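# Structural characterization, general
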There are 4 protein chains.
Amino acid sequence: MDVFTRLESEVRGYCRGWPTVFTTARGSTLRDENGRDFLDFFAGAGTLNYGHNDPALKQRLLDYLAADNIVHSLDMHTAAKRRFLERFDEIVLKPRGLDYKVQFPGPAGNHAVEAALKLARKYTGRETVVSFTNAFHGMTLGALAVTGNSMKRTGAGVPLGHGVTMPYDNYLDGRTPDFLLFETMLDDSGSGLDKPAAVIVETVQGEGGVNVASAEWLRGLAGVCERHGILLIVDDVQMGCGRTGAFFSFEDAGITPDIVCLSKSLSGFGLPFAITLMRRDLDVWEPGEHNGTFRGFNPAFVTAAGALEDHWADDGMAERTLAKGGLVRRALDEIALRHAGEIADVRGRGLVWGMETRDPRTASRICAEAFGRGLLMETSGPNDEVVKLLPPLTTTEDELARGLAILADSVAAVQAAGPKETGPKETGAAGARAAGGPGGAGAQAGPGARAAVHA
Amino acid sequence: MDVFTRLESEVRGYCRGWPTVFTTARGSTLRDENGRDFLDFFAGAGTLNYGHNDPALKQRLLDYLAADNIVHSLDMHTAAKRRFLERFDEIVLKPRGLDYKVQFPGPAGNHAVEAALKLARKYTGRETVVSFTNAFHGMTLGALAVTGNSMKRTGAGVPLGHGVTMPYDNYLDGRTPDFLLFETMLDDSGSGLDKPAAVIVETVQGEGGVNVASAEWLRGLAGVCERHGILLIVDDVQMGCGRTGAFFSFEDAGITPDIVCLSKSLSGFGLPFAITLMRRDLDVWEPGEHNGTFRGFNPAFVTAAGALEDHWADDGMAERTLAKGGLVRRALDEIALRHAGEIADVRGRGLVWGMETRDPRTASRICAEAFGRGLLMETSGPNDEVVKLLPPLTTTEDELARGLAILADSVAAVQAAGPKETGPKETGAAGARAAGGPGGAGAQAGPGARAAVHA
Amino acid sequence: MDVFTRLESEVRGYCRGWPTVFTTARGSTLRDENGRDFLDFFAGAGTLNYGHNDPALKQRLLDYLAADNIVHSLDMHTAAKRRFLERFDEIVLKPRGLDYKVQFPGPAGNHAVEAALKLARKYTGRETVVSFTNAFHGMTLGALAVTGNSMKRTGAGVPLGHGVTMPYDNYLDGRTPDFLLFETMLDDSGSGLDKPAAVIVETVQGEGGVNVASAEWLRGLAGVCERHGILLIVDDVQMGCGRTGAFFSFEDAGITPDIVCLSKSLSGFGLPFAITLMRRDLDVWEPGEHNGTFRGFNPAFVTAAGALEDHWADDGMAERTLAKGGLVRRALDEIALRHAGEIADVRGRGLVWGMETRDPRTASRICAEAFGRGLLMETSGPNDEVVKLLPPLTTTEDELARGLAILADSVAAVQAAGPKETGPKETGAAGARAAGGPGGAGAQAGPGARAAVHA
Amino acid sequence: MDVFTRLESEVRGYCRGWPTVFTTARGSTLRDENGRDFLDFFAGAGTLNYGHNDPALKQRLLDYLAADNIVHSLDMHTAAKRRFLERFDEIVLKPRGLDYKVQFPGPAGNHAVEAALKLARKYTGRETVVSFTNAFHGMTLGALAVTGNSMKRTGAGVPLGHGVTMPYDNYLDGRTPDFLLFETMLDDSGSGLDKPAAVIVETVQGEGGVNVASAEWLRGLAGVCERHGILLIVDDVQMGCGRTGAFFSFEDAGITPDIVCLSKSLSGFGLPFAITLMRRDLDVWEPGEHNGTFRGFNPAFVTAAGALEDHWADDGMAERTLAKGGLVRRALDEIALRHAGEIADVRGRGLVWGMETRDPRTASRICAEAFGRGLLMETSGPNDEVVKLLPPLTTTEDELARGLAILADSVAAVQAAGPKETGPKETGAAGARAAGGPGGAGAQAGPGARAAVHA
């Protein structure tokens, strides 16, 4: 692995917690170059909801490529794009009564976010965007300004402006009424809160520690936005495409965001692809006002259309996800009960689950034990204190059971080993996030964090 | 095409100038759904330097996918990534004596730019980045702040800070010595120029109007940076990967940037892919300090490694590009001579060429005529006044000759039709850029441009 | 008064609520050019704590000027400055065990604030400053960024950055524990709160509506700052110099701020004068790093030293202020009891008192009635809903009784007249603040508030 | 002088170069507590155009104060304010055909600038303000953002935005046509120059090194502004009130700014006072949108009106200033001729003159020598390389001759002493600006300048 150390930037992360070289993958299994198989409870951080190399999607992709269909086309019209738009309209939008227009803002989730923020600011003529504690919306400068993690924020190298942070659901443990501060400030012309263009929210904060907003809280938020003429942006990059059960994670709450960001599992095959959905009347873009080279990647149109056809023609996927989620919850609850000294909380929705450890280092140790036993899981949360389970939605019940058993063993092994004296720096092979996730341990930017590394 | 109008955002651009639906593509030819072929002098805005669906790369891609090799892997180690790193080192870096480390900052060129800007600011502890008039570095907020186009900038919806603009080579028609203003301000502690972290520059400004920096000017710039301890970032997203002849566009000038951004043709096949190269000692990133979902897209590693093996093992590609460039230049000079009333200037390098028209609307009319004759070209420049030629480097001499003949006919047709009274709004089927490129006509942000679209 | 209308900018404010021309003043009485006397419960918005034209201070000033002593001296050493420093040290600092250094940052309170913010940022190397809902710190760009009022903020014409707003004491009516949000966010590296350089706070928010922070809350705030290494700045511009009883308004709470801003009554005579006090070890300024033409105004040194000698040699001033405050409180409580349908709350400390009306327009009507009866009072609060009493500390008990009787009559008259249908625009001669104070009615910046007034 | 060292912040400046304690002053003479007299070629940095303690103005002031006329009145109407407005209209505005409205923005020059910037941004709905290399507009955050000096800028502790710097007249030694860059960028929608709200300019840059803009250049600038719909703000804080001859420094150029800032010598007596003048139709302020405690300081109204009556009723002041300026110029030219090895340039206008030294340290040594001989002068320019002469306009020809003789002796003494090896730190008693002026030696902010002083 010398070549990685010698040539790849120190910024690399996941490879530090999972020190092997992967070669092939299928469904919920990855194989490394030593022929060892790993069960995948990570799913490309939510990018592989239908597993690795879904055969039907793969066939569509191979057929498309083999026939010399067009691959790269910016925002020219192509047959593949038309088919995607038609399928998305028929299978996703129309059945849900959603009258959105679709923007192709670039291939990544942060492009969907950057476009959403621009549009909200342009439409309203305002600048402030409200985001929430422990939000994660991406690393480009606009998206980073509405992201909570201090290590990431410090990485910007410039102050991040035009954003205001409000407490997420249950952030203060129910010790203050929801939206009391936010709405009081909105109603008070002396509050110092410049009237926001938009609120951007994740219904479940995956990177932030698997924090789950209740349906009631989401409805409350939508109500605040409506009463004050603020646009509501749901960043469904990680939680959309069925992760929580329904296609959109906000469906259960019965709300209709003004703008929606989708990416990750949208292509269904791990291909870079993102869209920004906007209420029809918000589409005030000038032609070309936001552009980008890879905003028309036809292989992604093909697999994305295929994924909708294969997985979302009926409610089966959603129902199975919820059923599997129940299975996961029960297993986690049992582990938490057995190891109450280590595990502080279990929370999740659909097939995203978090198990918060009392000592932040425990979560990384559990993930490291699991890796040793052939299971990939990452940590999340501001102190990497949450073991995060994000299996492909297509993971079989047997696989889930197998993975959960490994997890139980891993927790038991960590408990048996007792508390470690080592600080976070020495946890070597620990969970990927300890070193490279969105918020490494000790991420709090100390005094002088902005100082020069070199003079 | 109703589905596009009904469902795709108004932000769509190229499709307006090229009103058809494309299906397949091979080499330098695209075919639409009516079976009509178009010769491609656009090349995905520089993404398809080796043409559409290069058969050898396609085979590699099909083989990789068919064997269930891993597709999506964030920044885990994979065999495909290793192979890419090794090939890049052997074929690109070592022969050129470049000791860079490689960051995978996300799939798009603007990710490479955002990462470069962050790193430069972190390393130096400074905030200001100097860019140039008519620069184009991308649409995410950090990249947009160093981009010149006023329509794009206004789209940000917030003021763009931490940047200072200096005149590009020949911006003032030689009426002022190069870098006189820049270096005087750097030397003057009262100049108001906060000491910059970095300078970011394109060696040829493609979107900005095919403005070509001379080797002497580039060397001068590198000297200013060195004397003042400012990092030099070359954004080689569009001009790298052989567009100007050599693999990097800065090689001819004999300079070594501190940071280099690559994307577009890097995958060789139109797949979303980008890297940021940094001088080894600049690699002060913390693990995970900059991350992103699609920063490990294995199919792109595969085709990128293949493209290097196939096209860059020797100097043939560079030599052929320069030879073809000479052919283009001669043809354009001839056209300019014949139509001196319409054509103001011909400029370019390698296989990027621009033909500036005296009346900005003429360029769009020429591109529209060319489209009607089966040739795809876009306009560029702040007023879309430049016809831009960006054929695949693998375009044959016959194809070049055919395309240039169409271009000549198109110019002649526009001249014959005489000046049009119509303003830019009515030019309907005109060149793609007139409606959707980086700077539509009338892009100058007028008074009140920041005002709300809706109350 | 034509000359004012014709020549003075529309920005003029107080003159709209008090439509007469004043000529002379003495103690707590102003006289207009018609020879009519007005009792002053306004005191130059807190600038005239010792009344108008205090005879002893006046004599010192006349003597100083008559003898051709130096008037203007920037930050040269002068005998007058030395005397002020000595007196300030002996009478104010030493007896309170305060080891502050003194900066002369310019003649106005906002200069004291701007210098405090700069110093806090320089010392800590951080940028964010936390301020509170309904804070008022001044109109220059740095001070405005930590001010709450939306009309004032919009006046900046640029986004105001580097600030975060937290709820002031009792802002949420006790429905959430003090500092729960603030400290939770400080402790959470994912909260999105960039570690602050400083907190800036008024112990009583005069402009914000006479909101009184409890001693407990202030101690809690000081504790948060200490635990997190954040500097505590008390803006004592309006509440210092004895307004709340003790010389500094924070003394009663038993806290020691890191930085203190003083101005308004500091000169004791209405002369422009301000100082910034800083903990000795915070004095990291470079010579001349912050400067300004009027940072050495000797007549103000003279009257300021005199005011300390005359009024602060013992505890008499503080004791009398508290006694008079009790008198005011009893009278206001009585009015509130009698007019419970109009008056919602009475609050204050020392000799700053507010009477909040249920209908915001009532406060302005009361002030207008009072003006008609010869009493000057302004409104405050985000909706001008608070009648604010700020009499000179030297107002006699008889004068206080007389003014409070006028106030009682005014409230009765407004109640008798019944609710008015007129909106705020038509209240003509209403309280000064309705038109010109720091937050006029309807100050909430609506959508598009940033839009151009003229193209 | 222990008290100063012990109690006054390290930010103090002028006192370091002039290490004595001043007591009285009259006309162009200051006296220290040892009874030593100093001739004043500094004039409070331009605040004392009519000398210290002008007897006629003093009498007005004493009379006003003695009669208990109102001193402090915010923006209430007072008889003193009316008289000032009438006199200003009759003596200054009407004879010059200027139809300005008058704002009282606060007592300091930076208040006049902050108000001007706010108004320009509000009126135009744009944010960018163009300023010039080596501009000095003040230390509050808005004014500082358009100030050039790097040491001052770094003192802000936050990045300074919304400003663009253009080269001042002759900045590039005539090697580039005036406004070529500026106007090319304005005309080019791809230039990256966001359309400015305003240009702010000093006709002579006093702090920046006595850089004199030619009338032709000023007219050119006014033309650029007019053609592009940009407001022109002249900051006449230091150069107004007759410093260059005419009352306004821009009169000679025949231009009419849209907004004018006045302060310093406006009160005529060293009292803190400032106004912002605006073209009548620009007065789009809301009542109270910009406020401040000391925006109505009646003693300053009184002396300001008196100064206009006494000094500006006819052209005598302007004529005498120009005559005296000629006298100074001749003397300086002679010195420069005699000491061509030390003196690089002599420049100025009216009664502001600069003598640039070849070695920056020479200027401070000359000022130190002059101080020893009883003459006060400061240095200016980014490296304190310019000896700056700013005598009161009322200085007699005899006094001028005496001061110029001292200056000649001082230069000769410095030349005789030969080059000093000492660095700037050791020049102890050198010119005031070396330690405390707007730009001390070594002001260039090095790498990491933003870093924390203390953790």
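Just so it is clear, the structure is predicted and the values come from calculations on it, not from any experiment.

### Here's the deal with the nonpolar core
- Core analysis: the biggest nonpolar cluster contains 451 residues, and Phe88(A), Phe88(B), Phe88(C) and Phe88(D) have the highest contact counts within it.
- What Phe88(D) contacts, discounting residues up to four positions off in sequence, is Leu93(D), Val102(D), Phe247(D), Phe248(D), Leu262(D), Leu266(D), Ile275(D), Leu277(D) and Leu308(D).
- If you look at the next biggest cluster of nonpolar residues, it comprises 25 residues, including Ala112(C), Ile233(C), Leu282(C) and Val11(D).

### A closer look at the environment of Ala135(C)
Residue and element names in this part refer to chain C.
- One can find Ala135 in the loop between strand E6 (129–132) and helix H7 (141–144).
- Judged by relative accessible area, Ala135 falls into the buried class, the value being 4%.
- Along the backbone, Ala135 and Thr256 are 121 residues apart, and their C-alpha atoms lie at a distance of 20 Å.
- If we ignore the near neighbours within four places in the chain, the residues touching Ala135 are Val146, Thr147, Gly148, Asn149, Glu202 and Gln205.

### Re helix H4 (residues 55–66) of chain B
Residues and elements named next belong to chain B.
- With 12 residues, H4 extends 16 Å between its outermost C-alpha atoms, agreeing within 8% with the 16 Å of an ideal straight helix rising 1.5 Å per residue.
- Restricting attention to buried positions, one finds in H4 the residues Leu57, Lys58, Leu61, Leu62, Tyr64 and Leu65. In an axial view of H4, the angular spread of the buried residues amounts to 165 degrees, which keeps them on one side of the axis.
- Asp68 occupies a position one or two residues after H4 and carries a positive phi of about 55 degrees.

### Overview of helix H10 (residues 215–228) of chain B
All names here are of chain B.
- Helix length check: H10, at 14 residues, gives a terminal C-alpha distance of 20 Å against a target of 20 Å (1.5 Å per residue), a fit within 8%.
- Along H10, the residues classified as buried are Trp217, Leu218, Leu221, Ala222, Gly223, Val224, Cys225 and His228.
- Residues of H10 that are buried sit in contact with strand E6 (129–132), helix H9 (180–187), strand E8 (198–201) and strand E11 (231–235).
- Looking at the residues trailing H10, positive phi occurs at Gly229, about 65 degrees.

### Describing the sheet that holds strand E14 (residues 343–349) of chain A
Residue and element names in this part refer to chain A.
- Strand order in the open sheet formed by four strands is E14-E15-E18-E17, and the pairing between neighbours is antiparallel. The two strands at the open ends of the sheet, each matched to only one other strand, are E14 and strand E17 (378–380). Averaged over all adjacent pairs, the angle separating strand axes in this sheet is 30 degrees, with direction ignored.
- Here E14 runs beside strand E15 (residues 352–357); their pairing, made up of six bridges, is antiparallel. Bridge pairing in E15 links Arg349 to Val352.
- Across the sheet, helix H14 (residues 397–417) is in contact with E14, E15 and strand E18 (386–389); its angle to E18 comes to roughly 170 degrees.

### Let's talk about the environment of Ala156(A)
- Considering the arrangement of structural elements, one finds Ala156(A) in the loop between helix H8 (150–154) and strand E7 (163–166).
- A residue is classified by how much of its surface remains accessible, and Ala156(A), at 1% relative accessible area, is buried.
- Between the alpha carbons of Ala156(A) and Thr140(A) there is a distance of 8.6 Å; along the sequence they are 16 residues apart.
- Among all residues touching Ala156(A), those that are not within four sequence positions of it are Leu141(A), Leu144(A), Lys118(B) and Arg121(B).

### Comments concerning the interface of chain D and chain C
- Taken residue by residue, the interface counts 119 residues in chain D and 119 residues in chain C.
- For the chain D and chain C pair, buried surface summed over both sides reaches about 10,300 Å², with 60% attributable to carbon and sulfur atoms.
- Scanning the region where chain D abuts chain C turns up 12 salt bridges.
- The partner of Asp89(D) in a salt bridge is Arg6(C), with the nearest N and O atoms 3.0 Å apart.
- Applying the counting rule to chain D against chain C returns 53 residue pairs in polar contact (both at pLDDT 80 or more).
- In terms of residue count, the dominant contributor to the side of chain D that touches chain C is helix H6 (residues 109–124) of chain D (eight residues).
- The pairing of strand E1 (residues 21–26) of chain C with strand E4 (residues 77–78) of chain D spans two bridges and is parallel. When the bridges of E4(D) are listed, Phe22(C) appears paired with Thr78(D).

### Focus: the relation of the copies chain D and chain C
- Structural alignment of chain D on chain C gives an RMSD of 0.0 Å, achieved by rotating through 180 degrees and translating 0.0 Å along the axis. Taken together, the rotation and translation relating the two chain copies correspond to the operation of a two-fold axis. Among all C-alpha atoms of chain D, that of Leu141(D) lies closest to the rotation axis, at 2.6 Å.
- Most of the interface of chain D is mirrored in chain C, where 100% of its interface residues are also at the interface.

### What to know about the sheet that holds strand E3 (residues 37–40) of chain B
- Ordered by their spatial adjacency, five strands build an open sheet running E4(A)-E1(B)-E2(B)-E3(B)-E16(B), and the pairing between neighbours is mixed. Two strands close off the open sheet at either side, each with one partner strand: strand E4 (77–78) of chain A together with strand E16 (375–376) of chain B.

### Focus: the pattern of salt bridges
- If you walk through the whole model with that rule in mind, you get 132 salt bridges over all chains.
- For the salt bridge of Lys81(B) with Glu8(A), the shortest nitrogen-to-oxygen distance reads 2.9 Å. Of the two residues, Lys81(B) sits in helix H5 (residues 79–93) while Glu8(A) sits in the loop between helix H1 (2–7) and helix H2 (14–17), which places them in two different chains.
- Here Asp283(A) and Lys101(A) are joined by a salt bridge, their closest N and O atoms 3.0 Å apart. Taken together, the residues span a long stretch of sequence, with Asp283(A) in the loop between strand E13 (275–279) and helix H11 (298–311) and Lys101(A) in strand E5 (residues 100–103) at a distance of 182 residues.

### Description of the pairing of strand E8 (residues 198–201) of chain C
Residues and elements named next belong to chain C.
- Residue alternation in E8 divides its side chains into two sets, Ala198 and Ile200 and Val199 and Val201, and both sets are buried.
- Bridge analysis of E6 against E8 gives two bridges, and the strand direction is parallel. From the neighbouring strand, Val130 faces E8, where its bridge partner is Val199.
- Sheet analysis places E8 next to strand E11 (residues 231–235), joined by four bridges and oriented parallel.

### Re the domain arrangement of chain A
Residues and elements named next belong to chain A.
- Examined at the domain level, chain A breaks down into domain 1 (2–54 + 316–417) and domain 2 (60–311).
- Look at where the C-alpha atoms of domain 1 and domain 2 centre, and you get two points 25 Å apart.
- Taken together, the contacts link 32 residues of domain 1 with 28 residues of domain 2.
- Buried area between domain 1 and domain 2, summed over both chains or domains, comes out near 2,400 Å², and the portion from carbon and sulfur atoms is 50%.
- The interface formed by domain 1 and domain 2 holds two salt bridges in total.
- Here Asp252 and Arg349 are joined by a salt bridge, their closest N and O atoms 3.3 Å apart.
- Linking domain 1 with domain 2 are 20 residue pairs in polar contact (both at pLDDT 80 or more).
- Put simply, the parts of the chain that give the side of domain 1 that touches domain 2 at least two residues each are helix H3 (43–46), helix H12 (316–338), E14, E15, E17 and E18.

### A few points about the pairing of strand E15 (residues 352–357) of chain B
All names here are of chain B.
- Counting buried residues along E15, five of its six residues qualify, which places the element largely inside the surrounding structure.
- Hairpin remark: strand E14 (residues 343–349) followed by E15, antiparallel, with two residues in the connecting loop; positive phi at Gly350, about 55 degrees.
- Pairing analysis gives four bridges linking E15 to strand E18 (residues 386–389), with the strands arranged antiparallel. Across the sheet, residue Met355 finds its bridge partner in E18, namely Val387.

### As for the side chain of Glu114(A)
- Relative to the helices and strands, Glu114(A) resides in helix H6 (residues 109–124).
- No salt bridge is formed by the buried Glu114(A); the nearest opposite charge belongs to Lys118(A), separated by 6.1 Å.
- At 2.7 Å, the side chain of Glu114(A) forms a polar contact with the side chain of Thr140(A).
- Here the side chain of Glu114(A) touches Ala143(A) through a polar contact of 3.0 Å, landing on its backbone nitrogen.
- Not counting chain neighbours up to four residues away, the residues in contact with Glu114(A) comprise Thr140(A), Leu141(A), Gly142(A), Ala143(A), Met139(B), Thr140(B) and Leu141(B).

### Brief notes about the packing of helix H5 (residues 79–93) of chain D against helix H11 (residues 298–311) of chain D
Residue and element names in this part refer to chain D.
- Packing of H5 against H11 leaves a shortest axis separation of 8 Å and a crossing angle of 25 degrees. Comparing the axis directions of H5 and H11 gives the class roughly parallel. Read as a crossing pair, H5 and H11 show a hand that is left-handed. For the pair formed by H5 and H11, the contact residues are Ala80, Lys81, Arg83, Phe84, Arg87, Phe88, Ile91 and Val92 on the first element and Asn298, Phe301, Val302, Ala304, Ala305, Leu308 and Glu309 on the second.
- Within the contact of H5 with H11, the residues separate by chemical class into 10 nonpolar, one polar and four charged.

### Notes on the environment of Leu180(A)
- Along the polypeptide, Leu180(A) turns up in helix H9 (residues 180–187).
- Judged by relative accessible area, Leu180(A) falls into the buried class, the value being 12%.

Criteria and cut-off values
Residues numbered from 1 in each chain as written. Chains lettered and ligands numbered in written order. Predicted model: local features only at pLDDT ≥ 70, side-chain atom pairs only at ≥ 80, totals over all residues. Heavy atoms only, no water. Core = buried A, V, L, I, M, F, W, Y, C linked by side-chain atoms within 4.5 Å. Buried < 20%, exposed > 50% of the residue type's maximum accessible area, 1.4 Å probe, protein only. Contact = heavy atoms within 4.5 Å. Helix = DSSP H or I, 4+ residues; strand = E, 2+ residues; numbered from the N terminus. Expected span 1.5 Å × (residues − 1). Arc of directions from axis to C-beta. Pairing = 2+ DSSP bridges. Axes fitted to C-alpha atoms, helices over the stretch in contact; angles between N-to-C directions. Buried area = accessible area lost by both parts, 1.4 Å probe. Salt bridge = Lys/Arg side-chain N within 4 Å of Asp/Glu carboxyl O. Polar contact = N/O pair within 3.5 Å; in protein donor to acceptor, adjacent residues only side chain to side chain. Least-squares fit on C-alpha atoms with pLDDT ≥ 70 in both. Domains from an automatic or database assignment. Lys, Arg positive; Asp, Glu negative; His and termini not counted. Parallel < 35°, antiparallel > 145°, perpendicular 65-115°, else oblique. Left-handed = near helix turned anticlockwise from the far one by under 90°. Nonpolar A, V, L, I, M, F, W, Y, C, P; charged D, E, K, R; others polar.

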